[in-house]
Amino acid sequence: MCQSENIMGQFDNIDIKFLPGVGPRRVELLKKELGIENFDDLIHFYPYKYIDRSRFYLIREIDSDQTFVQIKGHFISIESEGQGRTARLKGIFTDGRDTIDVVWFSGLNYVRDNVKIGIEYVLFGKPAIYNYSYNFSHPELELFTKYQSHAHGGLEPYYNTTGKMKTSHLTSKVMKSIMEGAVKIVREYKITERLPAEILERYHMLNLTNSIINIHFPANIDSVNRARERLKFEELLYLQLMLQRQCLQRESQSQGFIMRSVGNYFNTFYFRHLPFALTGAQKRVVREIFEDMRSGRQMNRLLQGDVGSGKTLVALLCCLIAADNGYQSCIMAPTEVLANQHLESLLGMTSGLGINIRLLTGSTTKKQREIIHRELQDGTLHILVGTHALIEDNVVFRNLGLAIIDEQHRFGVAQRAKLWTKNTLPPHVLVMTATPIPRTLAMTVYGDLRVSVIDEMPPGRKPVQTFHRYIEQRGQIYSFAQKQIEAGRQVYFVFPLIDENEKLDLASLEAGYEEISNVFYQFKVCMVHGRMASAQKDANMALFASGQAQIMVATTVIEVGVNVPNASVMVIENAERFGLSQLHQLRGRVGRGADQSFCILLTGYKLSKDTKKRMDIMVQTNDGFQIADADLQLRGPGDMEGTQQSGIPFELKIANLATDGAIIERARNEAQKILADDPELTAPQNRIYADNLKKMKQQIHDWSEIS
Ligand code: ADP
Ligand code: MG
């Protein structure tokens, strides 16, 4: 086959307009409504479900789990009920043992004229519950004699259709008959395989032709599953090849500063100032990061570590390596409160080390700014900590070598990109996040970002105990909190303020503050929310951090990073309004000291199934990864914080990032192996990948990048 034919699709000369049942009008509909433009698109438009028409059900077998069933039997009676607008027909259908009602609300004359009593029919439909018993409305009916005259058995495919398609009579049933024509062609001409024979053999997978036949017209569930598995694997393998190649290419192109050695700052700190031994995980990730920093390639790494796992210390160690090699660093945090905390903990750890660290935020005074600008330029400032203020144009470094971004999901891609331009070469970039990226997503979406994971907590932490309580039990919660405060601990009450402009939310926060202040009149209660002036916010935060206030009433502004080890109780009001990862983040504010800590999720009695599940998961586990996985399954990948901005390069037709973890892993390992041996995919056995990737890239217009 010559090259040009290869780039052309195999079936490009088939005009789907000429397939049986299509025609010029439906061609337009398929294109507009489903994005199906050619034969290839068509055969890769898979059914969303199958219905077992291989057997007849008994009426007594019907239960609420069934979608569709077929029953063989006859009508005992068909009678009119109601009048005018409520006129309907009610039939009683029997399978010889039991009876079930069938109702029609429209087309009554047609039913009266055509549906016969006492004659054998095959009834097909979805049972519904009405007045405590099952019935069918408008089921499909086929004379049994006719039913016998055509082939059955196997599963019947159902295709998604849109409202516009239905009004033009392009129903799932019609789609099915169009597919019959298309699959006939597939059977006859075979589809050019997209996976090497070696892989098909090794994994005992169906070839592409049989997969397409089976996904549309399977003989049984087993053949659907085999077809699905193969199609998912193919899709994910190409996704992995694409992402991993992109990653390799970027790394080979993007030069980075070489920070060859650890020196005085690092060593002095490590051997004389370190307040505690590093955990094994902290040591490992510092090593991984250092490998990048000395490699000559620009680092683009994600540091993932659950709340309280000690990311700040890792960040500091990296900054010290940069300083040892003559480079400046910056640490960017999402809020002023957080930036302040970073500064304080860094200053605390490095006093006497000769490392110059300063803070730049929106509220830094002009005089302070002048000092910072001067020291940045003459190189005497080693580490600049701050908020967005860091990326302003007038912040000019002498030699920025490392940019650390804390809590990455708060920053957009564009903001990060601005950091790139602050030196001749882009600095090494370390993005720290406490939102664990679910394993499956880390393997796909973040396929071109190196990931380091701190999967171990500092020793001596007691896992937070979590309880789910109803608002009616509020009294108990208050007395529990009171006991904790009397034992010397501090308590958070968090209210949802999802939209900072939402007046209702603010009102409920303020009402809550009032009530709590009254109940706990003998203690000091302070409040923090996002709409406060930042000086006020900081002052209130400081009251709590220093222990002068025993209770903090707050919104999620305290979600990120705030560190008050003496706080041991986190009460989350209206917990049903928070997502799983947010609940987990909030819970991470306690359990930071040596004392046993508690998290109490307060909700109303009426909860949706999903909310109940969220509460259960929180009560069951403290493991951020498990929570992230559960979150992904409950919400789906499109909705995950921080994933939209990275996006995957093409739409997945069949694989599911939330649930296909095992296949994703297999595909990733396979892709790694292929590219390790043959990064350019020039070997003869890899030509198949190179050709298909080339085709795919031509089809992708919106090639999005992570950074
Ligand atoms: P996060 O990963 O959430 O940013 P922090 O860096 O704020 O966590 O660390 C949480 C707490 O754990 C801090 O009080 C820090 O001093 C402490 N910590 C960090 N590393 C260790 C360690 N190896 N051993 C003991 N405590 C540690
Ligand atoms: Mg932190």
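Residues numbered from 1 in each chain as written. Chains lettered and ligands numbered in written order. Predicted model: local features only at pLDDT ≥ 70, side-chain atom pairs only at ≥ 80, totals over all residues. Heavy atoms only, no water.

Attention now moves to the overall build of the chain. Looking only at helices and strands, the chain has 25 helices and 22 strands in total. By the burial criterion, 52% of the 707 residues in the chain qualify as buried. Carbon and sulfur atoms provide 50% of the accessible area of the chain, an area that totals close to 33,100 Å². (Helix = DSSP H or I, 4+ residues; strand = E, 2+ residues; numbered from the N terminus. Buried < 20%, exposed > 50% of the residue type's maximum accessible area, 1.4 Å probe, protein only. Areas by Shrake-Rupley, 256 points an atom, 1.4 Å probe, with all protein chains shown as cover.)

Once that is clear, we can look at the layout of surface pockets. Counted as a void, the second largest pocket has a volume near 930 Å³. Taken together, 35 residues line the second largest pocket, and the ones lying closest to its centre are T312, Q341, S345, N563 and R592. Of all the elements in the fold, those that place two or more residues in the lining of the second largest pocket are α13 (311–324), α14 (336–350) and α20 (534–545). Of the residues in the lining of the second largest pocket, the class split is 15 nonpolar, 12 polar and 8 charged. Both of domain 3 (264–293 + 310–433) and domain 4 (465–621) provide at least three residues apiece to the lining of the second largest pocket. (1 Å grid on protein atoms, 1.4 Å probe; cavity = no way out; pocket = protein on both sides within 12 Å on 5 of 7 lines; lining within 4 Å. Points joined across faces, edges and corners; volume = space filled by probe spheres on them. Nonpolar A, V, L, I, M, F, W, Y, C, P; charged D, E, K, R; others polar. Domains from an automatic or database assignment.)

With respect to the helices, strands and loops of the structure, P139 is situated in the loop between β7 (133–137) and β8 (140–143). Under the relative-accessibility criterion, P139 is labelled buried at 11%. Between the alpha carbons of P139 and W104 there is a distance of 8.8 Å; along the sequence they are 35 residues apart. Sequence-distant contacts of P139, that is, excluding residues within four places in its chain, are made with V102, W104, L123 and F124. (Contact = heavy atoms within 4.5 Å.)

Summed over the entire model, instances satisfying the criterion amount to 19 aromatic pairs. With a centroid separation of 6.1 Å and an interplanar angle of 70°, the aromatic rings of F75 and Y121 are classed as edge-to-face. With F75 in strand β2 (residues 69–81) and Y121 in strand β5 (residues 121–125), this pair connects stretches of sequence that are 46 residues apart. Taking the relative accessible area as the measure of exposure, F75 reaches 1% and is therefore buried. (Phe/Tyr/Trp six-rings, centres within 6.5 Å; stacked < 30°, edge-to-face > 60°.)

Moving on: the sheet that holds strand β10 (residues 300–305). In space, the 7 strands of this open sheet follow the order β12-β13-β11-β14-β15-β10-β16, with parallel pairing throughout. In the strand order of this sheet, the two ends are held by β12 (357–360) and β16 (450–454), each with one partner. Between one strand axis and the next, the sheet turns through 20° on average, direction left out of account. Both β10 and strand β15 (residues 428–433) contribute to a ladder of 5 bridges, which runs parallel. Looking across to β15, one finds that L303 is bridged to M432. Docked against the sheet, helix α12 (residues 280–293) engages β10, β14 (400–406), β15 and β16, running at close to 160° with respect to β16. (Pairing = 2+ DSSP bridges. Axes fitted to C-alpha atoms, helices over the stretch in contact; angles between N-to-C directions.)

Moving on, we get to the site of ligand 1. With respect to spatial proximity, 16 residues lie near ligand 1, and among them Q282, G308, K311, T312 and R461 are the closest. Contact between ligand 1 and Q282: a nitrogen atom at 2.8 Å from a side-chain N or O atom of the residue. When the free accessible area of ligand 1 is taken as 560 Å², the share hidden by the protein chains comes to 82%. In a pocket analysis with a 2 Å cut-off to the grid points, ligand 1 is assigned to the second largest pocket. Across the shell around ligand 1, the residue classes break down as 5 nonpolar, 7 polar and 4 charged. (Near = heavy atom within 4 Å. Polar contact = N/O pair within 3.5 Å; in protein donor to acceptor, adjacent residues only side chain to side chain. Sits in = over half its atoms within 2 Å of the grid points.)

Moving on: helix α9 (residues 208–216). With respect to burial, α9 is a largely interior element, 8 of its 9 residues being buried. For α9, the set of buried residues is L208, T209, S211, I212, I213, N214, I215 and H216. Those residues of α9 that are buried are in contact with α3 (39–43), β1 (49–52), β9 (155–158), α7 (172–189) and α10 (221–253).

Next up on the list: the pattern of salt bridges. Within the structure shown, the criterion is met by 25 salt bridges. A salt bridge links E229 to R666, with the shortest nitrogen-to-oxygen separation between them at 3.2 Å. Note that E229 is positioned in helix α10 and R666 in helix α24 (residues 661–677), a separation of 437 residues in sequence. A residue is classified by how much of its surface remains accessible, and R666, at 23% relative accessible area, is partly exposed. E288 is paired through a salt bridge with R284; the nearest N and O atoms lie 3.5 Å apart. Of this pair, E288 and R284 both sit in helix α12, 4 residues apart, which is roughly one turn of the helix. (Salt bridge = Lys/Arg side-chain N within 4 Å of Asp/Glu carboxyl O.)

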